[in-house]
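# Fold and contact review
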Amino acid sequence: DVCSSDLLASLGLPYRFQQGFYTPYYRIADFYLPTLNVIIEIDGPSHTDPDHDRRMDEWFELVRGVKILRLTNEQVYAGDFGAVPDYVQGTRASG
């Protein structure tokens, strides 16, 4: 999580670590970026069903309007933050 925190700090983004949400179902987001209304989830070994995660993310996004970006532990450890920087820059440019 330190790697992710460093990335978010370098992008100049305020974030909340382990943010709880209670509707439409209870979930604790690894990182919530309130200014962009986006969640970044870091998936470890407990995430064994990506289809289930995708369905739950789609439902959450539909009901709450919060975008969810997922990374694996391996990506984070390797410094590969996937689409996160691109998404952030694109959102800033269009916002």
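Here we summarise the structure given alongside this text. Just so we're clear, the structure is a prediction, and the values are computed from it rather than from any experiment.

Criteria and thresholds
- Residues numbered from 1 in each chain as written.
- Predicted model: local features only at pLDDT ≥ 70, side-chain atom pairs only at ≥ 80, totals over all residues.
- Heavy atoms only, no water.
- Core = buried A, V, L, I, M, F, W, Y, C linked by side-chain atoms within 4.5 Å.
- Buried < 20%, exposed > 50% of the residue type's maximum accessible area, 1.4 Å probe, protein only.
- Helix = DSSP H or I, 4+ residues; strand = E, 2+ residues; numbered from the N terminus.
- Contact = heavy atoms within 4.5 Å.
- Salt bridge = Lys/Arg side-chain N within 4 Å of Asp/Glu carboxyl O.

## Thoughts on the nonpolar core
Counting residues in hydrophobic clusters, the biggest one holds 16 residues, and the most contacted among them are L13, L33, I40, L71 and V84. Of all the secondary-structure elements, those providing two or more residues to this core are α1 (2-10), β2 (27-33), β3 (38-43), β4 (67-72) and α4 (84-94). Setting aside residues up to four positions removed in sequence, I40 forms contacts with L8, D30, F31, L33, L69, L71 and V84. Residues A29, I39, F60 and I68 belong to the second largest nonpolar core, which totals eight residues.

## So, the pattern of salt bridges
One pass over the full model with this rule turns up seven salt bridges. Among the salt bridges present, the one from R27 reaches E41, with a minimum N-O distance of 3.1 Å. Of the two residues, R27 is situated in strand β2 and E41 in strand β3; the sequence distance between them amounts to 14 residues. Side by side, R27 and E41 carry an identical accessibility label, which is buried.

## Description of the environment of D53
Relative to the helices and strands, D53 is located in helix α2 (residues 50-64). D53 gets classed as buried once you look at its relative accessible area, which sits at 11%. A C-alpha to C-alpha distance of 9.8 Å links D53 and D43, two positions ten residues apart in sequence. Apart from residues lying up to four places away in sequence, D53 is in contact with D43, H47 and R70.

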